[in-house]
Structure formats: C-alpha cells, structure tokens
Amino acid sequence: MRAENFVAHRGWRQHYPENTLIAFIKAIEAGAVNIELDIQLSADQVPFVFHDANLMRMCQRKGLIWEYTAAELDTFSAAESDRLGAAFQDNPMCRLSDIVALLQAKPKINAYVEIKEESLTHFGEQIVVDAIINTLRPVASQCILISFELNALHLARHEGWQRFGTVFDAWPDWQSAALTELKPEVVFCDRNCVPSSADFSVLPWPILIYEVGTKAEAEDWFARGAVAVESFLIGELLKEFSLKAVSDL
C-alpha cells in the first residue's frame, strides 16, 4: 500500500476538531497525501469548511452557518468540545480559502471537496457551485469535487471544472446516465452499503470505501479491489501500514 490509497476524512479527526486547519495540517504531517473536506456557505456566500448546517456540535453556537456572515464566523471557535473537551477552545473555523493556501504550500496534496446538500438547498446550486469553484481555481489541479448531489457536479462540469468524484450511501446504479456522463475519477461508497457479492473488478470506476477504522478492515477492502479507503484515524492507519510522512510534501 501507498499513502495515495488513504484519505484523511475531515482531516485527522480522531485527535483534532474535524474540518479545521489544524486537523488537515496534522493529517499531512502524519503522512496523508489525500484530504477530504465539506463545504457550507456563510450568509454572505463565503465557503467554509464545515460539515453540519447547524453550528452547535462544532462551535457550541445556536443557529445555522448561513445565518452568520463570514466575518462573524471568523470569531467563532470550532472546538468540537463535546468530543474533545477544552483542548481546542480557541481553534478557529476554517475558510475554504485557508485550504487553498495550504494546498499552494503543499503541491503534492490532493483535496476531495464535498459540496453539501444543505447549502445547495438553501442557496441554490449555481451560487454554491460558483462560490466553491471560484475559490478553488488557483489549486484546481489538486482538487476533486465530490457530492451526493450529481446535479451540482454536472453544473460544475458545465462551468469548466475538470475533476470529479461521487459519493453514495446506497449501492448505486452503475449504468445510470448521470453517473456515466460525469465520468468520475473515483466513487466513494459507504462501507455499509456494499453488497457482499459485489465484484469491484467489473465496476466502471475505481471505488473508495468510507468509513474505515482498522488495518484489518482496510486490508479486506483492498483485497476486494478498493482503490482507497477513507478514515477519521488517518495517522493510526498510515502508521499501521508503515507509511511514513514525507517531509517535502
């Protein structure tokens, strides 16, 4: 196995607040070359790296992320304190532009950028897609747009974006026109939706399995033909597979 076969799910979430800059930096320091992140928009349509629409779990704040401007969100702490205690009480929320700066400094890192359904519903596909791809253009070659929402990905393709992946939590129709037309680089599949009889060798696109937490489970998926696995425990998995950090990433 190589580091390319592993994806840091929301950064090194096991030890750091998910979807924050420190979580991604620590994942990369641990040897990750692929990171995955989620995008929601602020009230003024600035892309933030954030999974939930609701701010409570991450920030202990009432309300939804799009009820606050980017300037207001910049003052919030993304500590994920219910899970991690007070260790990260001053940890800031992460803008997508922060990830762009990180990728510019780390040109060997790839980012899977997930367009979230909640913001698509609230703002509409055009606003969300434009906000994301316009921010990512300086590092477009390092970024793969992913989503459960194929219409948003097709819109991004129409806008000139080149790299795509899809995400499914149910076993997809591999012959669907929407999937075939998109030609994804990789298909993310929830480990719980994969039929035991599924033959990965006959699938039209590489398959990536999430959420994987142990070396034994990862080895099973690799043996079945998965091209990669995604994990909250990226540092632990890389260490178990004896994949060391590369200092010049």
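Look above for the structure.
## Re the overall build of the chain
From N to C terminus, the chain includes eleven helices and ten strands. A compact globule built from 249 residues would reach a C-alpha radius of gyration of about 18 Å, and the chain, at 17 Å, matches this within 12%. In terms of its C-alpha atoms, the chain occupies a principal-axis envelope of roughly 50 × 40 × 30 Å. When each of the 249 residues of the chain is scored for burial, the buried share is 54%. Within the structure as shown, the chain displays about 10,700 Å² of accessible surface, and the carbon and sulfur contribution to it stands at 50%.

## Overview of the side chain of Asn 34
Within the secondary structure, Asn 34 sits in strand β2 (residues 34-41). For Asn 34, a relative accessible area of 5% gives the class buried. Within the structure, the side chain of Asn 34 is placed 3.2 Å from the backbone oxygen of Phe 6, a separation counted as a polar contact. If sequence neighbours within four positions are ignored, Asn 34 has contacts with Ala 3, Glu 4, Phe 6, Val 7, Ala 8, Asn 110 and Tyr 112.

## Here we look at the pattern of salt bridges
If you walk through the whole model with that rule in mind, you get 16 salt bridges. For Arg 13, the salt bridge is made with Glu 18, and the minimal N-O distance between the two is 2.6 Å. Here the salt bridges do not stand alone but share partners, grouping Arg 10, Arg 13, Glu 18, Asp 38, Asp 52, Arg 57, Glu 80, Arg 83, Glu 114 and Lys 116 into one network.

## Some points on the environment of Ala 87
Position of Ala 87 relative to the elements: it lies in the loop between α4 (81-84) and β4 (94-95). Taking relative accessible area as the criterion, Ala 87 reaches 58% and is therefore assigned exposed. Expressed as a C-alpha distance, the spacing of Ala 87 and Pro 17, which sit 70 residues apart in the sequence, is 9.6 Å.

## Focus on helix α10 (residues 215-224)
Looking at α10, one finds that the buried residues are Glu 217, Ala 218, Trp 221 and Phe 222. Taken around the axis of α10, the buried residues stretch over an arc of 135 degrees, which confines them to a single face. Across α10 from its buried face, at more than 90 degrees, point the exposed residues Asp 220 and Ala 223. Residues of α10 that are buried sit in contact with β1 (6-9), β9 (207-210) and β10 (228-231). Where α10 ends, the next residue or the one after it, Gly 225, has phi of about 115 degrees, a positive value.

## Some points on the packing of helix α7 (residues 125-136) against helix α8 (residues 150-158)
With their axes 10 Å apart at the nearest point, α7 and α8 run at an angle of 55 degrees to one another. Taken together, the axes of α7 and α8 are oblique relative to one another. In this structure, the crossing between α7 and α8 has a hand that is right-handed. Residues Glu 125, Gln 126, Val 129 and Ile 133 of α7 touch α8, and the partners they reach there are Asn 151, Ala 152, Leu 155 and Ala 156.

## As for the environment of Phe 164
Following the sequence through the fold, Phe 164 ends up in strand β7 (residues 164-168). What makes Phe 164 buried here is its relative accessible area of 1%. Considered as a pair, Phe 164 and Ile 39 are 125 residues apart in the sequence and their alpha carbons are 15 Å apart. Those residues in contact with Phe 164 that lie beyond four places of it in its chain are Ile 144, Leu 145, Leu 153, Ala 156, Arg 157, Leu 182, Pro 184, Glu 185 and Val 186.

## Notes on the nonpolar core
By size, the foremost hydrophobic cluster in this structure holds 87 residues, and its most contacted members are Leu 37, Met 93, Leu 136 and Leu 145. Non-local contacts of Leu 37, meaning those with residues more than four positions away in its chain, are made with Asn 19, Phe 24, Val 49, Leu 96, Ile 99, Ala 111, Tyr 112, Val 113 and Glu 114. By size, the runner-up hydrophobic cluster in this structure holds ten residues, among which are Val 167, Val 186, Phe 188 and Ala 228.

## Observations regarding the packing of aromatic side chains
Counting across every chain of the model gives ten aromatic pairs. A centroid spacing of 5.2 Å and a plane angle of 75 degrees characterise the contact between Tyr 112 and Phe 188, whose relative ring orientation is edge-to-face. Pair noted here: Tyr 112 is in strand β5 (residues 110-115) and Phe 188 is in strand β8 (residues 186-190), with a separation of 76 residues, a long-range link. An identical accessibility class is assigned to Tyr 112 and Phe 188; each is buried. Measuring from ring centre to ring centre gives 5.3 Å for Trp 171 and Trp 174, while their planes differ by 65 degrees; the resulting arrangement is edge-to-face. When its relative accessible area of 28% is taken as the criterion, Trp 171 is described as partly exposed. Counting every residue linked through ring pairs, the aromatic cluster contains Phe 6, Phe 222 and Phe 241. The aromatic ring of Phe 232 is capped on one face by Arg 13, whose charged end is 4.7 Å from the ring centroid. The positively charged end of Lys 215 is found above the aromatic ring belonging to Phe 241, 5.4 Å away from the centroid.

What counts and what doesn't
- Residues numbered from 1 in each chain as written.
- Predicted model: local features only at pLDDT ≥ 70, side-chain atom pairs only at ≥ 80, totals over all residues.
- Heavy atoms only, no water.
- Helix = DSSP H or I, 4+ residues; strand = E, 2+ residues; numbered from the N terminus.
- Rg over C-alpha atoms; globule rule 2.2 N^0.38 Å.
- Buried < 20%, exposed > 50% of the residue type's maximum accessible area, 1.4 Å probe, protein only.
- Areas by Shrake-Rupley, 256 points an atom, 1.4 Å probe, with all protein chains shown as cover.
- Polar contact = N/O pair within 3.5 Å; in protein donor to acceptor, adjacent residues only side chain to side chain.
- Contact = heavy atoms within 4.5 Å.
- Salt bridge = Lys/Arg side-chain N within 4 Å of Asp/Glu carboxyl O.
- Arc of directions from axis to C-beta.
- Axes fitted to C-alpha atoms, helices over the stretch in contact; angles between N-to-C directions.
- Parallel < 35°, antiparallel > 145°, perpendicular 65-115°, else oblique.
- Left-handed = near helix turned anticlockwise from the far one by under 90°.
- Core = buried A, V, L, I, M, F, W, Y, C linked by side-chain atoms within 4.5 Å.
- Phe/Tyr/Trp six-rings, centres within 6.5 Å; stacked < 30°, edge-to-face > 60°.
- Lys NZ or Arg CZ within 6 Å of the ring centre and 35° of its normal.

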